[in-house]
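# Results of the structural survey
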Amino acid sequence: MKLDALRGIGPRTREALGRLGIDSVESLLLHLPMRYEDRTRVRPLGDIAPGDSARFCVRIDDSRVGFGGRRSLLLRASDASGSVGLRLFHFRREQQERLRVGSWWLCWGEVRESRWGLECVHPQMQAVAGPETLPPLGDTLTPVYPSTAGLPQSRWQKLLDAALPRAAELFPELLPAAVAPPLAAAAALAQVHRPPASAPEVLEHARDRLAFEELLAQRLAVRRSRAKLQTRSAPRCPEDAASAAALEAAFGFALTGAQRRVIGEIRADLARPQPMLRLVQGDVGCGKTAVAAAAAAQVTAAGLQVALMAPTEILARQHAATLAQWFAPLGVSVALLVGGDGAAARRAALQAAASGEAAVVVGTQALFQEQVEFAALGLVIVDEQHRFGVGQRLALRDKRSGADGAAHQLIMTATPIPRTLAQTLYTDLDISPIDELPPGRSPVETVALPQSRRAKVIERLHVVCAQGRQAYWVCPALAESEHATAAEDIAALLREQLPELPSALLHGQLPAADKRALIDDFRGGALSILVATTVIEVGLDVPAASIIIIDEAERLGLAQLHQLRGRVGRGREQSYCVLLYKPPLSATAQSRLDALCTLHDGFALAEKDLELRGPGELLGTAQSGEQRLRFESALLDGRLLGAVEQAADVMLAEPAAPVPALIRRWLGERAEYASV
Ligand code: ADP
Ligand code: MG
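Predicted model only: the values in this text are computed from it and were never measured.

### A word on the overall build of the protein chain
Of the regular secondary structure elements, the protein chain holds 25 helices and 21 strands. Taken over 676 residues, the protein chain has a buried fraction of 52%. Contacts in the protein chain between residues at least 24 apart in sequence constitute 75% of all its contacts with a sequence separation of at least 6.

Structure follows, in structure tokens:
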């Protein structure tokens with residue numbers, strides 16, 4: 001049902017909702033609260049702990065205007081059990097008059113500890129005659145929705161008020177009687193948006209009911225598309241000892257045990273006539289590129305082509321150069337296809353892919369454009385898969401391969417996915433962990449410093465870069481915005497203060513040729529300091545760089561910080577990471593920076609991230625803009641999975657079961673792409 005069917009949704013609201021992926025009344029109803037507030041109970045001040053958001057009813061004992069710092073109205077108020085300070089920064093004259101000593105007010109707000117005891121800044125306030133004569137407070141919890149600019153919580157309440165009466169019509173029961181829980185889907189939705197305050201188990205049941213249905217839809221989608229894939233054949237690429245040996249000789253290092261094991265698994269997969277579907281998961285710097293190369297060597301030895309897709313042009317270029325070097329002794333040609341190259345280069349690469357002259361084609365998103373054709377595509381490798389949308393990945397898989405059957409797929413990521421999550425999301429997708437770093441690496445020594453120490457950091461940089469070290473200085477934003485320290489400003493500052501050290505600024509908007517030249521200069525040692533936006537986040541490999549300074553680190557997520565830090569510590573030299581932050585830090589930002597200073601392993605950090613932020617962040621869904629599951633926590637605790645699997649069996653065995661409708665309800669467009 002179109003959003004226009006609801007009254008009072010104008011173009012602005014529609015646009016804001018669109019940003020959250022909400023484009024129908026159905027998806028609005030499936031936009032679930034992230035938490036709830038209990039505004040149905042008035043609590044005695046004596047029971048309220050600092051940090052609580054609470055409703056309380058107080059009498060004003062004192063009122064004055066304070067001028068220390070910002071002008072504000074300072075009220076002291078109390079009930080029978082204690083007292084609280086109320087502080088209003090914005091107030092009008094008549095408001096001040098109404099808030100006179102002796103009047104009673106029903107308040108809602110977050111109560112904090114201050115120097116003068118409990119304090120509440122800008123509570124919502126409603127005049128009442130006294131503590132015995134309160135207005136009705138309702139009997140449902142107040143939901144708090146994930147939101148975006150232009151949509152205050154009060155707006156969400158109204159949107160849902162308008163949408164909820166349509167729930168029964170839009171969410172008919174789809175589960176067959178044999179598996180349906182007693183509570184109907186539409187009823188559960190209504191309860192999740194308006195749960196009774198007095199019976200917490202109602203909300204819990206409703207959430208379980210919806211989580212069950214969503215997990216079931218996900219499982220059905222995954223099982224269906226996996227079954228489809230299994231009916232397809234793939235070209236057999238037998239193991240080839242000669243090319244394997246030649247490649248290993250070209251590496252210039254001995255493979256780690258973990259690399260060897262994973263390569264062994266891939267070799268066996270490729271030799272089978274079914275499509276491989278394998279996820280290689282390994283921390284930044286563990287050497288996934290070499291594993292990809294080994295897979296590619298076996299496929300090219302069988303006379304088939306390999307497509308390798310990277311999320312950024314910088315990374316694609318780097319992979320093309322690395323692979324060209326490794327494959328040169330094998331006589332395997334490597335072509336590069338990126339958006340930023342001129343038309344002639346592009347035509348040549350397209351031609352090389354279509355004729356089969358290029359055995360390996362490395363590229364960015366440009367790789368899945370319509371015109372790209374392969375003579376005989378045998379293997380698709382996707383690097384840093386969490387950066388891609390699933391749709392893009394599938395487009396490449398489904399590219400008319402020219403070869404017999406579907407191409408094999410190898411997916412690589414540094415973002416660890418907890419096991420239960422992986423199993424449900426990817427079912428029979430095979431997972432190979434690389435749980436070992438190349439020898440001689442020591443953890444990157446990490447410190448967090450306030451920005452006031454920037455001058456000291458620059459001084460120190462001066463000393464160590466003069467001794468030949470190379471450093472990245474990362475700034476989250478390019479141009480000065482409200483909070484951001486601009487990369488441009490830092491670049492200028494460094495040029496001014498360290499004129500004898502060659503430095504340059506790298507950002508996403510530079511022409512491709514300039515980017516390439518800068519990175520080549522940095523790689524070759526001609527630049528000591530590379531100031532960059534987060535464009536360098538994924539994959540960039542310059543082993544000689546041993547220092548990274550991350551400005552405004554408090555603005556970045558844990559996974560992103562870990563990725564950035566992974567740009568150093570790639571050689572044998574002790575590496576350092578400095579996290580500069582703008583105080584004061586929020587509690588979560590503080591925990592994030594602390595975690596980074598003490599933890600170095602991607603899995604440990606991912607667990608921490610899960611604890612601090614919930615699974616969405618961990619999966620990098622924020623980055624790829626894809627939502628996976630609304631009830632990921634239910635997936636993680638695993639409680640429902642047994643019942644979900646049984647229900648999936650029942651529904652798949654029943655030809656009349658509304659499987660497609662159920663999948664569409666929960667996965668929408670993503671339905672087709674459920675299994676990687
Ligand atoms: P990632 O897993 O982050 O993609 P890369 O493939 O970029 O890691 O490898 C990181 C660095 O480690 C590269 O410079 C690579 O050449 C090097 N490397 C990979 N495997 C080994 C190994 N077994 N021994 C030594 N160095 C290695
Ligand atoms: Mg990599």
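### With respect to the sheet that holds strand S19 (residues 529-532)
The 6 strands lie next to each other as S16-S21-S20-S17-S19-S18, forming an open sheet whose pairing is parallel. At either margin of the open sheet sits one strand with a lone partner, and together these are strand S16 (445-450) and strand S18 (503-506). Strand-to-strand, the axes of this sheet are offset by a mean angle of 20 degrees, without reference to chain direction. Taken together, the 4 bridges between strand S17 (residues 470-474) and S19 define a ladder with parallel strand orientation. Looking across to S19, one finds that alanine 471 is bridged to isoleucine 529. Across the face of the sheet, helix H19 (residues 587-598) comes into contact with S16 and strand S21 (576-581) while running at roughly 150 degrees to S16.

### Thoughts on the nonpolar core
The biggest cluster of nonpolar side chains holds 52 residues, and the ones touching the most others in it are Leu17, Leu28, Leu29, Trp156, Leu216 and Leu662. Where this core is concerned, the elements lending two or more residues are helix H1 (11-19), helix H2 (25-29), helix H4 (153-163), helix H5 (167-170), helix H6 (185-193), helix H7 (200-230), helix H24 (641-653) and helix H25 (659-667). Broken down by element, the residue count for this core peaks at 10 residues, all from H7.

### What to know about the state of the cysteines
What the rule picks out here adds up to 0 disulfides. Looking at the unpaired cysteine 120, the closest cysteine sulfur is the one in cysteine 107, lying at 7.0 Å. Among the cysteines around cysteine 597, which has no disulfide bond, cysteine 577 carries the closest sulfur, lying 7.7 Å off. Taking the relative accessible area as the measure of exposure, cysteine 597 reaches 23% and is therefore partly exposed.

### Details of the pattern of salt bridges
Taken as a whole and judged by the stated rule, the model has 27 salt bridges. Here aspartate 269 ties to arginine 278 by a salt bridge, and the two come within 2.5 Å at their closest N and O atoms. Judged by its relative accessible area of 7%, aspartate 269 falls in the buried class. Classification of arginine 278 by relative accessible area gives buried; the value is 9%. One continuous salt-bridge network, built from bridges that share partners, spans Glu173, Arg209, Glu213 and Arg665.

### Thoughts on the layout of surface pockets
Taken as a whole, the second largest pocket spans an internal volume of roughly 950 Å³. Lining of the second largest pocket is provided by 35 residues; of these, Phe253, Arg441, Asp541, Pro543 and Arg570 occupy positions nearest its centre. Counting only elements with at least two residues in the lining of the second largest pocket, the list comes to helix H10 (288-301) and helix H11 (313-327). A total of 7 residues in the lining of the second largest pocket trace back to one element, the largest contributor, which is H11.

### Concerning the packing of aromatic side chains
Under the counting rule described, the total for this entry stands at 5 aromatic pairs. Ring centres of phenylalanine 251 and phenylalanine 253 lie 5.3 Å apart, and the angle between their planes is 5 degrees; on these two criteria the pair is classed as stacked. You can call phenylalanine 251 buried: its relative accessible area is 7%. The exposure class assigned to phenylalanine 253 is partly exposed, which follows from its relative accessible area of 40%.

Conventions we followed
Throughout, a residue's number is its position along its own chain's written sequence, starting from 1. Chain letters and ligand numbers both follow the written order, the letters beginning at A and the numbers at 1. In keeping with the model being predicted, local features are shown solely for residues with a pLDDT of at least 70 and side-chain atom pairs are shown and tallied solely at 80 or more, while totals for entire chains, interfaces and linings include all residues. Side-chain measures were taken over the full set of non-hydrogen atoms in the model, leaving aside hydrogen atoms and water. A run of DSSP states H or I qualifies as a helix once it reaches four residues; a run of E qualifies as a strand once it reaches two. Both are numbered from the N-terminal end. Whether a residue is buried, partly exposed or exposed follows from its accessible area with a 1.4 Å probe, protein chains only, as a fraction of its type maximum: under 20%, in between, or over 50%, in that order. Should any heavy atoms of two residues lie within 4.5 Å, those residues are considered in contact. Two strands pair if DSSP finds at least two bridges between them. Where helices are involved, their axes are fitted lines through C-alpha atoms of the stretch in contact, as for all axes, and angles between N-to-C directions lie from 0 to 180°. Here, nonpolar core refers to any group of buried Ala, Val, Leu, Ile, Met, Phe, Trp, Tyr and Cys residues whose side-chain atoms link them within 4.5 Å. Whenever a pair of cysteine sulfur atoms sits within 2.5 Å, that pair is classed as a disulfide. Note on definitions: salt bridges are taken to be side-chain nitrogens of Lys or Arg within 4 Å of carboxyl oxygens of Asp or Glu. The distinction between a cavity and a pocket rests on a 1 Å grid over the protein atoms alone: a 1.4 Å probe fits inside a cavity but cannot get out, while a pocket stays open yet meets protein on both sides within 12 Å along at least five of seven lines, and a residue with an atom within 4 Å of a point counts as lining. Grid points are joined across faces, edges and corners, and a volume is the space filled by probe spheres set on the points. Whether two aromatic rings pair depends on their centres lying within 6.5 Å, for rings of Phe, Tyr and Trp, where Trp uses its six-membered ring; planes under 30 degrees apart make the pair stacked, over 60 edge-to-face, and the rest tilted.

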